[in-house]
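# Structural overview for review
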Amino acid sequence: MKIMLNQILEKKGISQNQLGKDTGISTATLRNLNHNRTTRISFDVLEKICNYLDCGVEDILCVEK
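Residues numbered from 1 in each chain as written. Predicted model: local features only at pLDDT ≥ 70, side-chain atom pairs only at ≥ 80, totals over all residues. Heavy atoms only, no water.

### Focus: the environment of Ile 41
If you trace the backbone, Ile 41 turns up in the loop between helix H3 (27-34) and helix H4 (43-53). Spatially, the C-alpha atoms of Ile 41 and Thr 29 are 9.1 Å apart, while their sequence positions differ by 12 residues. Residues in contact with Ile 41, not counting those within four places in the same chain, are Leu 33 and Leu 46. (Helix = DSSP H or I, 4+ residues; strand = E, 2+ residues; numbered from the N terminus. Contact = heavy atoms within 4.5 Å.)

### Some remarks on the nonpolar core
Of all hydrophobic cores here, the largest spans 15 residues; its most connected members are Leu 5, Leu 30, Leu 33, Ile 49, Leu 53, Cys 55 and Ile 60. Those residues within four positions of Leu 33 in sequence are excluded, and the remaining contacts are Ile 3, Leu 5, Thr 38, Ile 41, Val 45 and Ile 49. (Core = buried A, V, L, I, M, F, W, Y, C linked by side-chain atoms within 4.5 Å. Buried < 20%, exposed > 50% of the residue type's maximum accessible area, 1.4 Å probe, protein only.)

### Focus: the side chain of Asn 34
Mapped onto the fold, Asn 34 is located in helix H3. Only 3.1 Å separates the side chain of Asn 34 from the backbone nitrogen of Asn 6, close enough to count as a polar contact. Apart from residues no more than four positions distant in its own chain, Asn 34 is found in contact with Leu 5, Asn 6, Leu 9 and Gln 16. (Polar contact = N/O pair within 3.5 Å; in protein donor to acceptor, adjacent residues only side chain to side chain.)

Don't take any of this as a statement about function, it's just geometry.
Structure below.
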């Protein structure tokens, strides 16, 4: 599984810090997601990201074969 958060943030011109401030998600969590250094993501965090970026889960998560 690959997390595509960094690409969406760049496309929308939103910084990781801004996303964290506006959603309450810690910068450490966002940094780990951006660098694919996480083994799980909570539904709460995923929902906050999707709502803030106005995107779907499929825009954030990608299955690598």
